[in-house]
Amino acid sequence: MASEAVDSPPSLIPQPNGNGDRLTVDKKNQTSLENKLKPIGPKRRPYTEIHSRPLPLEVHPLPVFIPHNPLSFVRIAINLISHSFRPPSSHPTVHRGYFSTETQSIHVTNPQSIVALWEQGFWGSGSLSRTEPQWLEHEKRKRGLGESKTAWEVTQERREARRQFKLERARLERETIEQQLRQEGKLASTEQVPAEQEPVVPVKQTGAFPISDANKTKNEFGPTEDSQEDRQNRQVASSDRDPSSEEIEDQEHLQLTLEEAFFLTYGLGALEISKDEISLSSNYLFRLYSTYSNFPIPENSASHIHNLFRLQEQKYKDTLETSDVLPIAPDNPFLLKYVVYHHFRSLGWVVRDGVKFASDYLLYNRGPVFAHAQFAVMILPSYSHPYWSATPDRKEESKKKEARDWWWLHRVNRIQTQVLKTLVLVYVEVPPPWDEDLESKAFQVNIGNILKKYKVREVVMQRWTPNRNRD
């Protein structure tokens, strides 16, 4: 996930002593400590500006209709006439990617497309980052070529600042206790109150927040912080070198899940998947993704499907050999996940992978940089159609696929409760088989009619408490 905002350090609130009296903290020390934690340097762009567009599309709305204003009719008429002669484009840029059989995901390598897909809907994850593609910025900072901090670095610095803040607050409170005890004669001038906290580590002021020297050795994988003098010397040395020799090649690409890529291709038309310089159709991708969602994957599935697709494009229907391609099962894992993904994305939710919290999806109201996910989604197939109970074999098989014991539900609900998320059980009604006659259809799949066969039911699981759920 992208790094989320961390609360600012709390103010110095003195704790009461054993006699019930409240201790006072030196205001001068408190002010100096708070000044150390204030961020310095240029401010980052606000997330509301970066992620102002929820989808990689451009919308051209008509002017507002005002019934009591005759000019509103004229504005609407002018816009309709201009759009009829020169229709505006909702896809100024169509992003491109390719399917990787090794990772079973879609790779997008164009830097402009990577930035656009992440900023306009939070699509995919960086191959060398946690979520947002930030490898290039990290590498530039390591080599002293960039001064801007990434969201992950800001979060790490804020966490370290909070740690130092608590240690400094404990030290001030301990000194206040010692001073008060000496005034009351309960403590000799040479004695000290034993410290229960770990000693405060000297702090170096670098960047936006203080970073301790001890943290530099512990954080082996994160970016290390240098002193201000080292940074200035490095900048002077880098200015003497040839700038062209310091260009860093971006080795990171954006990975899209199969559901994300298909929604961008079929639902929005903002992504093209190509192979051998040929743009693949939605029918091809639908069958390809469905094939690779099964385990084990049939041998040479991608090559067989690609050959069938090229023969179909050349209209050689008599030479189609469909024996190497399996029909799509009605409860195909990709199909069930995409139905749920399409459902929630159409409702305006930002849908992200939920494997981190042992769920299928996470639902964000605006995105991972604004707030934590509110809901965790678990997908369950439902075989309530009469077809699945027509014979004893089908009935027994459908019951095995639907079976979930109580302990499974308890484990899942327990995890979501610990991470403060609401569990949503999404039941997908599985229709009868619809892709058995593959050869007569000549590889074609009517995706719209197929998606209409599936129905989604949502069941929200919440802990029942008498005070909150009382009528």
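None of the values given here were measured: they were computed from a predicted structure. (Residues numbered from 1 in each chain as written. Predicted model: local features only at pLDDT ≥ 70, side-chain atom pairs only at ≥ 80, totals over all residues. Heavy atoms only, no water.)

**Quick notes on helix α4 (residues 111-119)**
Part 1 of the argument: Listed in full, the buried residues belonging to α4 are S113, I114, A116, L117 and W118.
Part 2 of the argument: Immediately beyond the C-terminal end of α4, within one or two residues, lies G121, with a positive phi of roughly 125°. (Buried < 20%, exposed > 50% of the residue type's maximum accessible area, 1.4 Å probe, protein only. Helix = DSSP H or I, 4+ residues; strand = E, 2+ residues; numbered from the N terminus.)

**A short note on the sheet that holds strand β2 (residues 105-108)**
Part 1 of the argument: Pairing in this open sheet of six strands is mixed, and the strands run β3-β6-β2-β1-β7-β8 from one edge to the other. In the strand order of this sheet, the two ends are held by β3 (125-126) and β8 (278-279), each with one partner.
Part 2 of the argument: With three bridges connecting them, strand β1 (residues 95-100) and strand β7 (residues 271-275) associate as parallel partners. Within β7, the residue paired with R96 across the bridge is E272. (Pairing = 2+ DSSP bridges.)

**A few points about the pairing of strand β11 (residues 375-382)**
Part 1 of the argument: For β11, the tally of buried residues reaches seven of eight residues, placing the bulk of the element in the interior.
Part 2 of the argument: Here three bridges tie strand β10 (residues 361-364) to β11, and the two strands are oriented antiparallel to one another. What sits directly across from L362, in β11, is A376.
Part 3 of the argument: Examined bridge by bridge, β11 and strand β12 (residues 422-429) share eight bridges and lie parallel to one another. When the sheet's bridge partners are listed, S382 is paired in β12 with E429.

**Quick notes on the nonpolar core**
Part 1 of the argument: Membership of the largest hydrophobic core comes to 52 residues, with the highest contact counts inside it found for L256, F286, Y289 and V377.
Part 2 of the argument: The element contributing the most residues to this core is helix α12 (residues 333-346), with eight residues.
Part 3 of the argument: When we break this core down by domain, the ones giving at least three residues each are domain 3 (93-133 + 226-326) and domain 5 (347-471).
Part 4 of the argument: When sequence neighbours within four positions are dropped, the list of residues in contact with V377 reads V340, F344, S359, D360, Y361, L363, V424 and V426.
Part 5 of the argument: One finds W118, F357, L362 and A376 within the second-largest nonpolar core, a separate group that totals nine residues. (Core = buried A, V, L, I, M, F, W, Y, C linked by side-chain atoms within 4.5 Å. Domains from an automatic or database assignment. Contact = heavy atoms within 4.5 Å.)

**What about the packing of aromatic side chains?**
Part 1 of the argument: Within this structure, the stated rule accounts for 20 aromatic pairs.
Part 2 of the argument: Relative to F375, the ring of W349 lies with its centre 5.6 Å away and its plane at 90°, an arrangement referred to as edge-to-face. Pair noted here: W349 is in the loop between α12 and β9 (350-353) and F375 is in strand β11, with a separation of 26 residues, a long-range link.
Part 3 of the argument: Pairing Y383 with W388 gives two aromatic rings, centres 5.2 Å apart and planes at 80°, and the pair type is edge-to-face.
Part 4 of the argument: The class for Y383 is buried, based on a relative accessible area of 9%. (Phe/Tyr/Trp six-rings, centres within 6.5 Å; stacked < 30°, edge-to-face > 60°.)

**Describing the environment of L80**
Part 1 of the argument: In this fold, L80 is placed in helix α3 (residues 70-85).
Part 2 of the argument: Counting along the chain gives 18 residues from L80 to L62, while the straight-line C-alpha distance between them is 8.0 Å.

**Things to note about the packing of helix α9 (residues 258-268) against helix α10 (residues 282-292)**
A pair of packed helices can be characterised by two numbers: the angle between their axes and the separation between those axes.
Part 1 of the argument: Where α9 contacts α10, the two axes come as close as 11 Å, and the packing angle between them is 165°. Put simply, α9 runs roughly antiparallel to α10. Both α9 and α10 take part in a crossing whose hand is left-handed. Between α9, through L258, A261, F262, T265 and Y266, and α10, the contact on the second element is made entirely by S282, L285, F286 and Y289.
Part 2 of the argument: Residues of the contact of α9 with α10, tallied by class, amount to seven nonpolar, two polar and no charged. (Axes fitted to C-alpha atoms, helices over the stretch in contact; angles between N-to-C directions. Parallel < 35°, antiparallel > 145°, perpendicular 65-115°, else oblique. Left-handed = near helix turned anticlockwise from the far one by under 90°. Nonpolar A, V, L, I, M, F, W, Y, C, P; charged D, E, K, R; others polar.)

**So, the packing of α9 against α12**
Part 1 of the argument: The interhelical angle for the contact between α9 and α12, taken along N-to-C directions, is 60°, at an axis separation of 10 Å. Our classification of the angle between α9 and α12 gives oblique. Between α9 and α12 lies a crossing of right-handed hand. Taking contact as the criterion, the partners of L258, E259, E260, F262, F263, Y266 and G267 in α9 are, on α12, F334, K337, Y338, Y341, H342, R345 and S346.

**Looking at the UniProt feature "active site" (unreviewed entry) in the protein chain**
Part 1 of the argument: The sites that UniProt annotates as "active site" (unreviewed entry) are Y364, H372 and K421. Over a stretch of 58 residues, the named residues converge on one spot in the fold, their C-alpha atoms separated by at most 10.8 Å. The subset of these annotated residues that lines the second largest pocket comprises Y364.
Part 2 of the argument: Note on placement: Y364 falls in strand β10.
Part 3 of the argument: Judged by relative accessible area, which is 1%, Y364 ranks as buried.
Part 4 of the argument: Within the secondary structure layout, H372 lies in the loop between β10 and β11.
Part 5 of the argument: Assessed through its relative accessible area of 52%, H372 is described here as exposed. (UniProt positions renumbered as here; feature names shortened; annotations may be inferred. 1 Å grid on protein atoms, 1.4 Å probe; cavity = no way out; pocket = protein on both sides within 12 Å on 5 of 7 lines; lining within 4 Å.)

**A word on the layout of surface pockets**
Part 1 of the argument: When its volume is computed, the second largest pocket comes out at roughly 510 Å³.
Part 2 of the argument: Taken together, 27 residues form the lining of the second largest pocket, with S125, T257, E260, D353 and V355 sitting closest to its centre.
Part 3 of the argument: Broken down by secondary-structure element, the contributors of at least two residues to the lining of the second largest pocket are β6 (254-256), α9, α12, β9 and β10.
Part 4 of the argument: Tallying contributions element by element places α12 first for the lining of the second largest pocket, with four residues.
Part 5 of the argument: Across the lining of the second largest pocket, the residue classes tally to 11 nonpolar, nine polar and seven charged.
Part 6 of the argument: Structurally, the lining of the second largest pocket is a two-domain feature, drawing no fewer than three residues from each of domain 3 (93-133 + 226-326) and domain 5 (347-471). (Points joined across faces, edges and corners; volume = space filled by probe spheres on them.)

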